[in-house]
Amino acid sequence: MLDGPELNAPVSDGSVPDGSVPDGSALTAGDIRDRVRQFLAATNPVSTPRQDFLHARFDAGLAWVHYPPGLGGLGAPRALQVVADTEFAAAGAPDNDPGGNAIGLGMAAPTILAFGSGKQRKRWLRPLWTGEEIWCQLFSEPGAGSDLASLGTRAVRDPGGDWVVSGQKVWTSLAHQARWAILVARTDPDVPKHRGLSYFALDMTAPGVEVRPLRQLTGEAEFNEVFITDVHIPDADRIGEVGDGWKVATGTLMNERVAIGGMSMPREGGMIGGAARAWREHPERRTPGLHDRMLRLWAEAEIARLAGLRLRQQLAAGQPGPEGSAAKIVFARLNQEISGFEVELAGAEGLRYDDWTMRRPAHADFFGRGPGYRYLRAKGNSIEGGTSEILRNIVAERVLGLPSEPRVDKDVPWKDLPR
Amino acid sequence: MSIAEAEAAGKPGERAPDLLYSEAERDLAGSLRSLLGARCRPEDVLGRLGGPGQADRPGETEPYDTVLWKAIAGDLGCAGLLVPEEQDGAGASFREAATVAEELGRAVAPVPYLGSAVVATTALLTVGDDLTVRELARGDVTAALAVGSESAPGAAFPLTARVSGPKSSDSRAGVHRLRGRVRGVADALSADLLIVPSDGVPHGLYVVGTGVEGVRRTPIVSLDMTRQLCDIDFEDAPARAIASGAEADRALQAALSAGAAAIASEQLGLADKCLEMTVAYVKERRQFARPVGSFQGLKHRLADLWVGLTQARAAARYAAACLADVDSDAPLAIALAKSYCGDLAVRAAEECVQMHGGIGFTWEHPAHLYLKRAKAASIAFGTSDAHRASLARLADLPGA
Ligand SMILES: Cc1cc2nc3c(=O)[nH]c(=O)nc-3n(C[C@H](O)[C@H](O)[C@H](O)COP(=O)(O)OP(=O)(O)OC[C@H]3O[C@@H](n4cnc5c(N)ncnc54)[C@H](O)[C@@H]3O)c2cc1C
């Protein structure tokens, strides 16, 4: 559900599968640095064609070092990824354009690693990492957003054991770029809603898949409506057991939240950097009220950055806590407040907008655009990937153990739910 | 290989000190928590503050629990955490000292840890008063820095006390006499020694015993009864000079910085405890035939508090790490931690009162202890606003 704008220039993928295998777990930063240097000595980062270079990097286990050997990694501690990324960047090596495939890297890949078969991992992970195959996420539907488990896209088994799928998905970021989709569909309408779902990979080029742009309040169309009409999905592209779709989807969403909290950046590396620069460059725009807000936002953004660092340290020390769910709530609110502040600070300039042209971008680009765009785009941050209200429910119930609201839908077969 | 190494880089803001609790810290916190759980329960603290028969004498009760302090200071060695082992201390770092403050905050413990083991000890360590440091580290005596409890790092050297020449009867060389008044000092009522900033040529820091003639402490009816303040009058009190001029400035600033960083951890602990108490209560209390904790109007506010705690913890640990590592980013880290944790603790305590309903408004429920400590602590060592204002300079964000 996260469309993954490249907010804080995450290095490489930002995913968190626990793909570590014991043999690589003793690797140190020095080992990784040595391997990257050896690799660069053998594979010229400048003269080697980009795709060849990325293939070779993947095959050397230096793509996502915490993935298992043979799947682009070394089974090394996750914390070492930043070492590899830094070395490659310093050598001027081409990267895999992580912002162009945020859902693939942040959500599809860890799901495939955790729940996919050996064959599926081999087939999908390499072109996913290199960016040859972009992935999108077909979860939300017009009638099922926060209440994802109520979705109605149907997958019916054909006599050959494969699946025929029909339904409508919506708000699908980058579907117009995607070769593959992770898809949740209903395989059994006769059981309560969470139990009748299954998880698939959908080939977006299959007949019956139609992608229509859906223009958003920024003027452009990052996201789409996707109509699925009698689309054939081979059973080999099912991820996880039939009826386990909710479990797999929950895994996907968890990865996403940790990915956001796990981003590493220097001080003023996020949206606050632009606001602070504007503040320094325009003394004539300063007022006492704006100053107070500037200081508050700067402090909160820096503390959020430190909290992200602490979260990564917890993960690296094998103490994964629930703090990841806090990170997205904070990040959404701060992005919105900071960008709103930026527009006001711009004064008369803030009345202009850079471009309302309807385009279908390949990336969300916060930083290449004006404050007005950032202000509008940030509104999506508290909706995409689980709304901030839903995240508060999750914190209240799963972290604090507070009782849930009375539920009317838990034990009722999906087909009998009121709608 | 730690993240700290992986992310280590030159500039502050790119360095990544360890923000987790070490095993030693977790052990220390665990021992302290069980001690406090046995001897500093809410009813124990409440009992000191005007239980039956005392309610009509507010401000005249015995706020500090000296027996408890002996156990924390001596048995657990918390008095000497910041003091090197060669000077009879525990040779720990500011990280451990902050962890202890966090635990004491959870219990609103009425002990002079912050004033004596952190603030006064830091001043004495900075000037190298070896003998007094040793006494403090052993927990034999306690000391307080005689400044108004609202004094923030960066405050001007206070000059409300001044050196008056020696008396004719003063035979010993090195005896000075102090005159003047210092208002609103924390942790001084239970202190054996005062470290007094004083005017003179040059200005300096002096040590004065509290038991001598010429020192009068007048208790203040304080908002935070668990950390009672007093005014102190000096009338030709005998004093020993320990630092003057720039050295005295340095010691004062070091002490106030340490106090501000430690109280941020105390506020973190307080907020954590308030959330814990409140969550436990709303799970149990039923209205409308369901636990009140199942109402989203409360759940979301509690979730937000928890989110705030994840941020506060990162800020408080970063400040503690910067002091422990003598990092040049310490002033900025302290400003972040004190402002954020201060505001959060007040909010947590206010929500604690509100979500307990009528019972939270009673004297017998401990929520008010937390509210009063939180509000007072948000002013002590500089308000949140003052600390944020210092970011204008520290983060290069100048005002209008
Ligand atoms: C920019 C952007 C990109 C997106 N990309 C994708 C994508 O790639 N793939 C995909 O599958 N989806 C995507 N989404 C969809 C997104 O996941 C949903 O919009 C989101 O989950 C909310 O669902 P909804 O829009 O149906 O709102 P609703 O669920 O109808 O919510 C309406 C309001 O009610 C509140 N609400 C709902 N339930 C509760 C509750 N139990 N308690 C309290 N409040 C509640 C919500 O917080 C919200 O404020 C994207 C959305 C945006 C904005």
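The structure displayed is predicted, hence computed values, not measured ones.

Student: How should the pattern of salt bridges be read in this particular structure?
Tutor: Between side chains of opposite charge, a pair can form as their charged atoms come close. Applying the stated criterion across every chain, the model contains 64 salt bridges over all chains. A salt bridge links Lys193 of chain A to Asp147 of chain A, with the shortest nitrogen-to-oxygen separation between them at 2.7 Å. Separated by 46 residues along the polypeptide, Lys193 of chain A in the loop between strand E4 (180-186) and strand E5 (197-203) and Asp147 of chain A in the loop between strand E1 (135-138) and strand E2 (154-157) bring together distant segments of the chain. For Lys193 of chain A, a relative accessible area of 1% puts it in the buried group. When its relative accessible area of 35% is taken as the criterion, Asp147 of chain A is described as partly exposed. Residue Lys299 of chain B pairs with Glu397 of chain A through a salt bridge whose shortest N-O separation is 2.6 Å. Here Lys299 of chain B is found in helix H9 (residues 296-324), whereas its partner Glu397 of chain A is found in helix H11 (residues 388-399) on a different chain. Accessibility expressed as a relative area gives 0% for Lys299 of chain B, which makes it buried.

Student: Help me understand the site of the ligand, please; the structure alone is not making it clear to me.
Tutor: Taken together, the neighbourhood of the ligand is formed by 20 residues, with Ser140, Ser146, Trp171, Thr387 and Glu389 of chain A sitting nearest. Residue neighbours of the ligand fall on chains A and B, so the site bridges chains. At a separation of 2.9 Å, a nitrogen atom of the ligand approaches a polar backbone atom of Gln137 of chain A. Take Ser140 of chain A: an N or O atom from its main chain is 2.7 Å from an oxygen atom of the ligand. Alone, the ligand offers 970 Å² of accessible surface; in the complex the protein occludes 71% of this.

Student: Got a minute to help me understand the domain arrangement of chain B in this structure?
Tutor: Often the size quoted for an interface is simply the accessible area lost on bringing the parts together. All names here are of chain B. By domain assignment, chain B separates into domain 1 (3-9 + 16-141), domain 2 (161-245) and domain 3 (250-394). Put simply, the middle of domain 1 and the middle of domain 3, counted by C-alpha atoms, are 18 Å apart. Summed over both sides, the interface between domain 1 and domain 3 buries roughly 2700 Å², with carbon and sulfur atoms accounting for 69% of that surface. Looking at the side of domain 1 facing domain 3, the largest losses of area belong to Leu46, Phe94 and Arg106, adding up to 25% of the total buried there. Applying the counting criterion to the domain 1 and domain 3 interface returns 5 salt bridges. As a salt-bridge pair, Arg106 and Glu276 come within 2.8 Å of each other at their nearest N and O atoms. The set of elements that each furnish at least two residues to the side of domain 1 that touches domain 3 consists of helix H3 (42-48), helix H5 (94-106) and helix H6 (113-127).

Student: Hey, could you run me through the environment of Asp85 of chain A in this one?
Tutor: All names here are of chain A. Considering the arrangement of structural elements, one finds Asp85 in helix H3 (residues 81-90). Among the residues examined, Asp85 registers a relative accessible area of 8% and is labelled buried. For Asp85 and Arg33, which are 52 residues apart along the polypeptide, the C-alpha to C-alpha distance reads 9.9 Å.

Student: In this structure, what is going on with the pairing of strand E7 (residues 229-244) of chain B? I would like to understand it.
Tutor: Within a regular beta strand, the side chains point alternately toward one face of the sheet and then the other, so they alternate between its two faces. Residue and element names in this part refer to chain B. In this structure, strand E3 (residues 175-186) lies alongside E7, joined through 10 bridges in antiparallel fashion. Bridge pairing links Arg179 to Glu235 in E7. Judged from the 4 bridges that link them, strand E5 (residues 204-209) and E7 form a sheet pairing that is antiparallel. Directly across from Tyr206, in E7, lies its bridge partner Ala241. Relative to E7, strand E6 (residues 215-219) runs antiparallel, the two sharing 5 bridges. Opposite Arg217, over in E7, you have Ile232 as the bridge partner.

Cut-off values and rules
Residues numbered from 1 in each chain as written. Chains lettered and ligands numbered in written order. Predicted model: local features only at pLDDT ≥ 70, side-chain atom pairs only at ≥ 80, totals over all residues. Heavy atoms only, no water. Salt bridge = Lys/Arg side-chain N within 4 Å of Asp/Glu carboxyl O. Helix = DSSP H or I, 4+ residues; strand = E, 2+ residues; numbered from the N terminus. Buried < 20%, exposed > 50% of the residue type's maximum accessible area, 1.4 Å probe, protein only. Near = heavy atom within 4 Å. Polar contact = N/O pair within 3.5 Å; in protein donor to acceptor, adjacent residues only side chain to side chain. Areas by Shrake-Rupley, 256 points an atom, 1.4 Å probe, with all protein chains shown as cover. Domains from an automatic or database assignment. Buried area = accessible area lost by both parts, 1.4 Å probe. Pairing = 2+ DSSP bridges.

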